[in-house]
Amino acid sequence: MSDLLERLRGRGWRMTSQRRVVAEVLGGDHVHLTADEVHARAVLRLPEISRATVYNTLGEMVSLGEIVEVSTEGRAKRYDPNAHRPHQHLVCSGCGTIRDVHPTGDLLAGLPAEQRFGFTVSEAVITYRGLCPSCA
């Protein structure tokens, strides 16, 4: 069973067959699917699932904080099920592939105090961009 599916069940979220399939499709490492990709994979498991159901289910999961919407410039939003594992993203500027990365060290330390303008910084979100091996 996927980590996402276990988390949703642990919350007591009503697990319909449609919701289960969407959660299963999002299972795994380095998963960053668009809503249309989720729908295409869900249809293979449950042919009667509608695009609207997939979009609504993804929206509910985002609202619950169980998945994260990842936006990349000029591309469709992607959905990341690793919402409970702190990480950053490595994005290919060519094909849009996204990989989870786990930099070492304190990300907040990279912002000098004089550049914080009095903010109390609680989080750093960094996106690394480059070309994947296929696009390089």
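What you see is a predicted model; the values in this text were computed from it and never measured.

Caption draft 1: Expanded view of the packing of helix H3 (residues 35-45) against helix H4 (residues 51-64). One can describe the packing of H3 onto H4 by two numbers: an axis separation of 9 Å at closest approach and a directional angle of 120°. Between H3 and H4, the angle falls in the class oblique. The two elements H3 and H4 meet at a crossing, and its hand is right-handed. Across the interface between the two elements, Ala35, Asp36, Val38 and His39 from H3 touch Arg51, Val54, Tyr55 and Leu58 from H4.

Caption draft 2: Representation of the pairing of strand E5 (residues 98-101). Along E5, the buried face is formed by Ile98 and Asp100; none of Arg99 and Val101, which line the opposite face, is buried. Between strand E4 (residues 88-92) and E5, which pair antiparallel and follow one another directly, the connecting turn spans five residues, one of which, Gly96, has a positive phi of 90°.

Caption draft 3: The layout of surface pockets, seen in detail. The volume enclosed by the largest pocket comes to roughly 490 Å³. Around the largest pocket sit 22 residues that line it, and His87, Gln88, His89, Glu123 and Val125 are the ones nearest its centre. No other element matches the three residues that strand E2 (residues 68-70) contributes to the lining of the largest pocket. Each residue belonging to the lining of the largest pocket can be placed in one class, and the counts come to nine nonpolar, eight polar and five charged.

Caption draft 4: Examining the sheet that holds strand E1 (residues 33-34) more closely. Read from one edge of the open sheet, three strands run E1-E3-E2, paired in antiparallel fashion. The outermost strands of the open sheet, each flanked by one partner alone, are E1 and E2. Two elements, E1 and strand E3 (residues 78-80), share two bridges in a ladder whose sense is antiparallel. Residue Leu33 lies in a different strand from E3, and its bridge partner there is Tyr79.

Caption draft 5: Inspection of the pattern of salt bridges at higher detail. By the definition in use, this model includes 10 salt bridges. Linking Arg20 and Glu24 is a salt bridge whose minimum nitrogen-to-oxygen distance equals 3.2 Å. Of this pair, Arg20 and Glu24 both sit in helix H2 (residues 17-25), four residues apart, roughly one helical turn. By relative accessible area, which is 28% here, Arg20 ends up partly exposed. Here Lys77 ties to Glu69 by a salt bridge, and the two come within 3.6 Å at their closest N and O atoms.

Thresholds, definitions, all that
Residues numbered from 1 in each chain as written. Predicted model: local features only at pLDDT ≥ 70, side-chain atom pairs only at ≥ 80, totals over all residues. Heavy atoms only, no water. Axes fitted to C-alpha atoms, helices over the stretch in contact; angles between N-to-C directions. Helix = DSSP H or I, 4+ residues; strand = E, 2+ residues; numbered from the N terminus. Parallel < 35°, antiparallel > 145°, perpendicular 65-115°, else oblique. Left-handed = near helix turned anticlockwise from the far one by under 90°. Contact = heavy atoms within 4.5 Å. Buried < 20%, exposed > 50% of the residue type's maximum accessible area, 1.4 Å probe, protein only. Pairing = 2+ DSSP bridges. 1 Å grid on protein atoms, 1.4 Å probe; cavity = no way out; pocket = protein on both sides within 12 Å on 5 of 7 lines; lining within 4 Å. Points joined across faces, edges and corners; volume = space filled by probe spheres on them. Nonpolar A, V, L, I, M, F, W, Y, C, P; charged D, E, K, R; others polar. Salt bridge = Lys/Arg side-chain N within 4 Å of Asp/Glu carboxyl O.

That's the geometry; what it means functionally is another story.
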